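# Understanding the architecture of this molecule
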Amino acid sequence: QARIAQQPQLVHVVARTENLDMQRWGLVNAGQQPGLPIAAQRDTPQGLLSWQILVRDDGVLPCGGALPTLIQWAGLHPTARMPASPVALKRLTLRGVPAQAQALLSLRGVGFETGAGPALTAELDTPRGPVTLCSEAQ
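This text gives an overview of the structure that appears in the document. (Residues numbered from 1 in each chain as written. Predicted model: local features only at pLDDT ≥ 70, side-chain atom pairs only at ≥ 80, totals over all residues. Heavy atoms only, no water.)

### Regarding helix 2 (residues 20-29)
Threshold: Note on exposure labels: buried denotes an accessible area under 20% of the residue type's maximum, exposed denotes more than 50%, and partly exposed covers the range between, all computed with a 1.4 Å probe on protein chains only. Comment: elements are numbered from the N terminus, with helices defined as DSSP H or I runs of at least four residues and strands as E runs of at least two. To obtain the arc, one takes the directions from the helix axis to the C-beta atoms.
Within helix 2, the full set of buried residues consists of Leu-20, Gln-23, Arg-24, Gly-26 and Leu-27. Viewed end-on, helix 2 has its buried residues packed into an arc of 160°, placing them on one side of the element. Along helix 2, the residues that are exposed and aim more than 90 degrees away from the buried face are Met-22, Trp-25 and Asn-29.

### Considering the state of the cysteines
The cut-off we apply is this: Our working definition of a disulfide is a cysteine sulfur pair at a distance within 2.5 Å.
One pass over the structure, following the stated rule, counts zero disulfides. Left without a disulfide partner, Cys-63 is nearest to the cysteine sulfur of Cys-134, which lies 17 Å away. Residue Cys-63 is classed as buried on the basis of its relative accessible area of 16%. Residue classification places Cys-134 among the partly exposed residues on the basis of a relative accessible area of 31%.

### Some thoughts on the environment of Gly-109
With respect to the secondary-structure elements, Gly-109 resides in the loop between helix 3 (99-105) and strand 6 (110-113). Given the relative accessible area of 66%, Gly-109 is considered exposed. Along the chain, Gly-109 and Pro-83 lie 26 residues apart, while their C-alpha atoms are 22 Å from each other.

### Structural notes on the nonpolar core
Counted only if it meets this: In plain words, nonpolar cores are sets of buried Ala, Val, Leu, Ile, Met, Phe, Trp, Tyr and Cys residues tied together by side-chain atoms within 4.5 Å. Contacts between residues were defined by any pair of non-hydrogen atoms, one from each residue, lying within 4.5 Å.
One finds Ala-66, Leu-67, Leu-70, Leu-94 and Val-97 to be the most contacted residues of the largest nonpolar core, which totals 19 residues. Where this core is concerned, the elements lending two or more residues are helix 2, strand 5 (88-95), helix 3 and strand 7 (120-126). If we skip the residues at most four places from it in the chain, Leu-67 touches His-12, Leu-27, Gln-32, Pro-62, Val-97, Ala-101 and Leu-105.

### Here's the deal with the packing of aromatic side chains
The test is simple: Any two of the Phe, Tyr and Trp rings considered here, Trp counted by its six-membered ring, make a pair once their centres fall within 6.5 Å; the pair's planes then place it as stacked at under 30 degrees, edge-to-face at over 60, or tilted in between. Only when the NZ of Lys or the CZ of Arg is both within 6 Å of the ring centre and within 35 degrees of the ring normal is a charge said to sit over the ring.
The tally for this structure, following the rule as stated, stands at one aromatic pair. Here the aromatic rings of Trp-51 and Trp-73 are separated by 5.2 Å at their centres, their planes lie at 50°, and the arrangement is tilted. You can see Trp-51 sitting in strand 3 (residues 47-55) and its partner Trp-73 sitting in strand 4 (residues 69-74), a full 22 residues away along the chain. The aromatic ring of Trp-25 is capped on one face by Arg-24, whose charged end is 4.6 Å from the ring centroid.

### Observations regarding the sheet that holds strand 7
The line we're drawing: If DSSP finds at least two bridges between two strands, the strands pair. Note on definitions: angles span 0 to 180 degrees between N-to-C directions of axes, and those axes are lines fitted to C-alpha atoms, for helices only across the stretch in contact.
Read from one edge of the open sheet, four strands run 6-5-7-8, paired in mixed fashion. What marks the edges here is a single partner per strand, and that holds for strand 6 and strand 8 (129-134). Within the sheet, the average angular offset between the axes of one strand and its neighbour, ignoring direction, is 20°. Pairing geometry for strand 7 and strand 8, over six bridges, is antiparallel. In the strand pairing of strand 8, Leu-124 is matched with Val-131.

Structural data, given as structure tokens:
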């Protein structure tokens, strides 16, 4: 919260999975600590949303926030009920995620980089033109 109070920025990324347990164990075997699965739900005007999400007890965001937190939705994904948006994600780049974790996650359309720079970079197409959002440099 202190980081984003100074300046809005990307802090972390969450990725949807269809097999939370399998990917969790894969990350553990790759030397990562993705956390334990927590079941959660909430009521919305469109109906009940239910999911499982990996949460670390210590709140640490591995790889500077670039190692995604994994979430598995039960039933219909919430975006299926949302209206179309004029903002589109053009490119997401994650920096500093180990190669073994990259291969395991197999995130379509996500670029991975190494070296110095922001852990997260998102390029968006908006009605006002392109916008790039970044996290702090690692």
